[in-house]
Structure formats: C-alpha cells, structure tokens
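Structural overview
The residues making up each chain are set out below.
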Amino acid sequence: MPSYKLTYFPITALAEPIRFLLSYAGIDFEDDRFNREDWPKIKETMPFGQVPVLEVDGKKINQSMAISRYLAKKCGLAGKDDWEALEIDATVDTINDLRQKIGIYSYESHEEAKAAKHKIVKEQVQYYLERLDAQVQKNGGYFIGGSLSWADLVFVGLLDYMNHMMDNQEIIEKYDNLKQLNQKVLEVPAIKSWIEKRPQVTWYPARHCAVRRRAEWSSLSIASERNGQNIETSPEERRASGCEGLYIEPCQGLVKLFVETASGEELDRTVRDRPEAVSRKNEKMPTYKLTYFNLTALGEPIRYMLHYCDIPFEDIRIEIDDWLKHKADMPLGQVPILEIDGKVYHQSRAISRYLAKKNNLYSSDEFEAMEIDAMVDSIDDLRHAVATFYWNKDPVFKEKLKEIAFEKLPFYLDKFEEQVKKNDGHFVRGKLSWADFVFAAYSGYLNVLLGEDMNKDHPELKKLVEKVNALPNVKAYLEKRPKTMA
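The following refers to the structure shown. (Residues numbered from 1 in each chain as written. Predicted model: local features only at pLDDT ≥ 70, side-chain atom pairs only at ≥ 80, totals over all residues. Heavy atoms only, no water.)

1. Regarding helix α17 (residues 472-480)
Those residues of α17 not exposed but buried are N473, V474 and Y477. Looking straight down α17, one finds that the buried residues subtend no more than 100° of arc, so they occupy a single side. Elements in contact with the buried residues of α17: α10 (300-308), β9 (314-318), α15 (434-450) and α16 (459-469). (Buried < 20%, exposed > 50% of the residue type's maximum accessible area, 1.4 Å probe, protein only. Helix = DSSP H or I, 4+ residues; strand = E, 2+ residues; numbered from the N terminus. Arc of directions from axis to C-beta. Contact = heavy atoms within 4.5 Å.)

2. Quick word on the environment of P482
Mapped onto the elements, P482 comes out in the segment after α17. Looking at P482, the relative accessible area reads 37%, which means it is partly exposed. Here the alpha-carbon distance between P482 and N294, two residues 188 residues apart in the chain, equals 8.1 Å.

3. Description of the packing of helix α4 (residues 82-106) against helix α12 (residues 348-358)
Running from amino to carboxyl end, α4 crosses α12 at an angle of 160°, the nearest separation of the two axes being 8 Å. Classed by the angle they form, the pair α4 and α12 counts as roughly antiparallel. Handedness of the crossing formed by α4 with α12: right-handed. Residue-level contacts link D82, W83, A85, L86, D89, A90 and D93 of α4 to R349, A350, I351, R353, Y354, K357 and K358 of α12. The residue makeup of the contact of α4 with α12, split by class, is seven nonpolar, no polar and seven charged. (Axes fitted to C-alpha atoms, helices over the stretch in contact; angles between N-to-C directions. Parallel < 35°, antiparallel > 145°, perpendicular 65-115°, else oblique. Left-handed = near helix turned anticlockwise from the far one by under 90°. Nonpolar A, V, L, I, M, F, W, Y, C, P; charged D, E, K, R; others polar.)

4. Remarks on the pattern of salt bridges
Counted according to the given criterion, the structure contains 32 salt bridges. Of the charged contacts in the structure, one is a salt bridge between R353 and D373, with a shortest N-O distance of 3.0 Å. Here R353, found in helix α12, pairs with D373, found in helix α13 (residues 366-391); they are 20 residues apart in sequence, far enough to count as distant. Within the structure, one salt-bridge network assembled from shared partners comprises K59, D365, E368, E371, R429 and K431. (Salt bridge = Lys/Arg side-chain N within 4 Å of Asp/Glu carboxyl O.)

Here's what the structure looks like:
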C-alpha cells in the first residue's frame, strides 16, 4: 500500500474535504499540521509554495481540488461516467466560488468597508445557496445523480470554514435540503469517526491576515472578483470599473487577495488520423455550442480543444456591452458555457476536463490525471494574478497588484520551465495533455495583457506554445479566429 501524508495548517478549511475523502476511502494517512510560525521555512519545501499538499510515497502534489478529485476516483465518488463527472466538477467549482465570495467579506480588514460589504455577501450567499439547495432537491438529496459524490463531501467539508467566515453563522439554516445533505454526510460512518477523533480547530483571527507591509505582498496569491456575481466571467468585463477595496483570504497556504469592482500523440498528426475520431464517423455526433465573450481568456482553452479534436461547434461570442442582456440566462450568471445537445454546462475547467477525457488529452491513470489537474490549476493561478493587475483601474491598488503579479510571474514561469524541461517538452510525463493546451491558449492572452511575450526568457515554454499552436487544427483556427482586444 502507498503511504499518504497530508500537510496543512492546523485548521479545517481547504484540507478538510481531503481529510474527509481519505477517511471515507479507508486510507491511513499522516495528518501533518504545522504551526503558523513555522510556515515560512515549510513554504520553501512545498510545490509552488502552497498547501495543502498530499505526499503519495514521497511525491508531492499541490492544489486541493486536484487532490480531492484523485481521491474521489479511488473510492468511487467521481461519477459513473464522463457526463456525471462533468456535472460533479462544475458543482465543486461553484462551491468554491461561494467560498471565495464569503472570504472577500470575512477577511476585509477595514471595519467600515466590511460593514458596507455585509449586505452584498448576504445577497451572494443567498443567491448561491438557493440554487444549490434546489439542485440537491432535484437530485434526490445529493448534488448529482441521487447518490453520494465528492461534491457532497467538498460542500460539507468546507461548511465549517464558511460558517466561520460568515461571523460564525449557520449559513444553511434556512435551506432544508442542504441541511439534510449535511447531516447525511456527517453520519457516514468513516466521516463520523474522523470528526470524533480530529484535533480541535482554533481559527486564526482575521486581523492576522491583513496586508500590512510591502514585503508581505510577494506571498500573496491573486484572484479577481466582480460586484457580487461573477468569478468565472472574464476580467475584461471590468475594464471600466473602479476598485472599492482589498480583501484577503487564507488559500492553500497563501493569502488570496481580492479586488472587488464597482460595476497526445505525435504533434504533426491530424485528429482525423486518430482512432478515436475514426471510430465516431458512423455515430450520430452531438451538437456543441460554446458561449463566451468576444475575447480569448477563459473561453480559449475550450476553443483550442474543440478545434484540435475536430469537433464542430457554434462559437457564440457576446460583446461585453451586451452582457447584461444575456447574464440572467446563464447558470449562476457565468460564462463560458458549453451546450451539448441542448444541455448547458458551466465552469471553464470542468468543461475543458470533460473534452480532454473524451479526446485522449487526460489520463486513465489516476495519479497522472491528478498531476495534470494540479498543473492546470497552477496555470490558472498565474492567469488570475496577471489579469487582476491589468484590468484594475485604481492607480493605488494597481501598483500594489502590479508588484504582486510581477513577483509571481517569474516564480511561476521558472517552475513551469523546469516542469516542461523535465517532462520532455510537455507539462506531464512527456506527452500532450490538456495542461499544454491551457497554457498555450492563455499565453496569447497574457502576452497581450503584459505587452510582451511572457515566455521570451523561458525557451522550453516558448517551444511548447509553438508546438501546440502548430497542430494542424489549432493552426487553422488561429488563422481564421476573430480579432479581439485580448
């Protein structure tokens, strides 16, 4: 049996869904909880300077949701097929959207600003919980498919943390279906046993997380947030917005800074030569429709993969000025969305992962899949940092965000360069995966935001992007895609 070691702060938060899943799966693990004062020296030993980190036979993997998905597959909680896995992934991402919105309020360090945001966060929490409660009711008491999935464990595992951040209120008190789901998960024997024996949690006061010195900025991880509605929509939507305040939240061993705004195979082979594509020739093909802004950003990795996989799709591009006319029709008011035979799916990474699974850009090996997922999440961390700086219009905060982004940029690019060099020109195990597509698709977008080729000093990354962009179907798409501002 492999050995497992989970490293995190001595709290529940992002590590608790992992602990739930390890316990549910009956996996013995070392629950390594370090003191806050020891974090600076521990940080240097962690991938991308983040926790939680799971070590499996000594190999370290970061990114909490990638770890959780891996464990869910090990114990039958990741869906009975790719469709159900897509729905679970989207729900998990939505739950994390809710957690981040609550964190914006909770870790506001200015009393007046926090008081002003109280009404906003209450509306946000209500908006999400009403929809999550309805989803549980519709699906027989669980989030997906009428049976237990890792989405249920993530929600309940994070609930204690979200309650804490909402001033120790029980946020699901008025939502009977969520309350029943919570009780069911807590009564699962393995989880109940874990809760009975786990260490008591002492929460860190929010004031300990305030940004007080310029020297601390380099330890921050960036995310963007828009006026109570969209995390998944692109930051370009906020190009005319002003910054109202800084918000921070502990996140995977870093601090997450928020700015709330006012308003596979040989690379030269075509997909048609692939056995997967040939075998589908006589099948009735589903119809695909992708809806996003007339931008690259979050929609571009999906477009890259649809084209690479030779999947015909309708590419609906919304002008930003028309967004409010469409927003109410979108799940949770977010884009991109992908419609497959008329059924709507949201959350960009969940969509991309589904396409990757269907087209040999993922892995049937669960550990390898976790490595790919973790790399994708890390690439997205970098996108957040650069985009948050670029689109912010407040000159004071923009300078702070710029310093954070430009300290983060070389750190991540150096790590990525090392990863690609070690893996023979790809991010994971020397072969094409959807992590390569995500990086290549985001590179063009980030180059526009930075005003230069961000990979110019990283030859392995530059060659990777060139390889992906030279794939015949991708190259054909790039030659004809609409001109956009980013």
